[in-house]
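Coordinate analysis (summary)
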Amino acid sequence: MKIDPSIIRSLQAEANTAQDVLRVALTGELRGRIGLVSSFGTESAVLLALAAEIDPAVPVLFLDTGQHFPETLAYRQELARFLGLTGVRDIHPDPVQLHDRDPQGQLWAFDTDACCALRKVEPLDEALIPFDGWITGRKRSQAATRANLPMIEHLDGGRIKINPLIRWTPRELDAEMTRRNLPRHPLSLRGYPSVGCAPCTRPVDADADPRSGRWAGQSKTECGIHLRRVS
């Protein structure tokens, strides 16, 4: 169902703070109609904490690709328990498609785009069908390709994508994690400022682009879940 324009105007009117945007998105008429997609990565805890304060039952979609670091899977469990999140859903690739298109689990080695499509893009497309919109943790500071990211994105079919943390800097995120005493992803302390699937993620130097360890050595900068046409 297409979201009423008046609700979108309310979201835009509350665009000053992440908390206010999330409150509109997760309560009232939109409650249960908006999913929060989280990688449970190194910067995920703040957004999840803000959402949990408003509605601990918020639907949280985690793409369990089958290629994650063990530390990420453990962190997903730890952080959900710590925050009291009760609506976390593990989204898996279709087993038939895995068997037909990546029977050896090595697709990443020769076609990363195809691997991401199989293990992330297609499963998320399916999981988002019941929702009229979704929330991401993307920030403008993360990459040049995200420098002009809007708070509200209009997607095909009248759905929306909400990016509450667009203005937050790495320093602000770190300070908020410290203030709240939030658990940190174990790999964030071992040179991984950004964590994706294990075969395609490398540690980086302290002064390097935080996302340079993702698909290192390739021109690829996005897995594909955010490469959507807008209306």
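What this report covers is the structure whose coordinates are included nearby. (Residues numbered from 1 in each chain as written. Predicted model: local features only at pLDDT ≥ 70, side-chain atom pairs only at ≥ 80, totals over all residues. Heavy atoms only, no water.)

1. Notes on the sheet that holds strand β3 (residues 88-91)
The strands making up a sheet are joined through hydrogen bonds of the backbone, oriented either antiparallel or parallel. An order of β3-β2-β1-β4-β6-β5 is seen for the six strands of this open sheet, with the pairing classed as mixed. Every interior strand has two partners, whereas the edge strands, β3 and β5 (152-154), have only one. If you compare each strand with its neighbour and ignore which way they point, the axes differ by 25° on average. Sheet topology places strand β1 (residues 34-37) next to strand β4 (residues 133-135); three bridges connect them, and they run parallel. Paired with I34 across the bridge in β4 is G133. Against the sheet, helix α1 (residues 5-13) engages β5 and β6 (160-162), with an angle of about 150° to β5. (Pairing = 2+ DSSP bridges. Helix = DSSP H or I, 4+ residues; strand = E, 2+ residues; numbered from the N terminus. Axes fitted to C-alpha atoms, helices over the stretch in contact; angles between N-to-C directions. Contact = heavy atoms within 4.5 Å.)

2. Quick word on the nonpolar core
Formed by 42 residues in total, the largest nonpolar core has its most connected members in L85, I135 and I162. For this core, the elements supplying multiple residues, two or more each, are α1, α2 (18-26), β1, α3 (44-54), β2 (60-63), α4 (70-83), β6 and α7 (170-180). With near-sequence residues (within four places) excluded, I135 lies in contact with L22, A25, L26, I34, G35, L36, V37, L47, I162 and P164. (Core = buried A, V, L, I, M, F, W, Y, C linked by side-chain atoms within 4.5 Å. Buried < 20%, exposed > 50% of the residue type's maximum accessible area, 1.4 Å probe, protein only.)

3. Structural notes on the pattern of salt bridges
All told, the structure shown has 14 salt bridges when counted by the stated rule. A salt bridge links E53 to R180, with the nearest nitrogen and oxygen atoms 2.7 Å apart. Of this pair, E53 sits in helix α3 while R180 sits in helix α7, placing them 127 residues apart in sequence. Linking E71 and R190 is a salt bridge whose minimum nitrogen-to-oxygen distance equals 3.3 Å. In this pair, E71 is assigned in helix α4 and R190 in the segment after α7, connecting sequence segments 119 residues apart. Among the charged side chains, a salt-bridge network with shared partners connects E53, E176, R179 and R180. (Salt bridge = Lys/Arg side-chain N within 4 Å of Asp/Glu carboxyl O.)

4. Brief notes about the packing of α2 against α3
Interaxial distance between α2 and α3 falls to 10 Å at its minimum, and their mutual angle equals 50°. Relative to α3, the element α2 lies oblique. Judged by the twist between their axes, the crossing of α2 over α3 is right-handed. From α2, A18, Q19, L22, R23 and L26 reach across to α3, where they touch L47, L50, A51 and I54. Its residues assigned to classes, the contact of α2 with α3 comprises seven nonpolar, one polar and one charged. (Parallel < 35°, antiparallel > 145°, perpendicular 65-115°, else oblique. Left-handed = near helix turned anticlockwise from the far one by under 90°. Nonpolar A, V, L, I, M, F, W, Y, C, P; charged D, E, K, R; others polar.)

5. Focus on the packing of aromatic side chains
All told, the structure shown has two aromatic pairs when counted by the stated rule. Note on F40 and F62: the rings are 5.6 Å apart at their centroids and 90° apart in plane angle, and the pair reads as edge-to-face. Here the residue F40 occupies a position in the loop between β1 and α3, and F62 occupies one in strand β2, the gap between them amounting to 22 residues. Given the relative accessible area of 1%, F62 is considered buried. Taking 5.5 Å as the distance between ring centres and 70° as the angle between the ring planes, the aromatic pair formed by F69 and Y192 counts as edge-to-face. In this pair, F69 sits in the loop between β2 and α4 while Y192 sits in the segment after α7, placing the two residues 123 residues apart along the sequence. (Phe/Tyr/Trp six-rings, centres within 6.5 Å; stacked < 30°, edge-to-face > 60°.)

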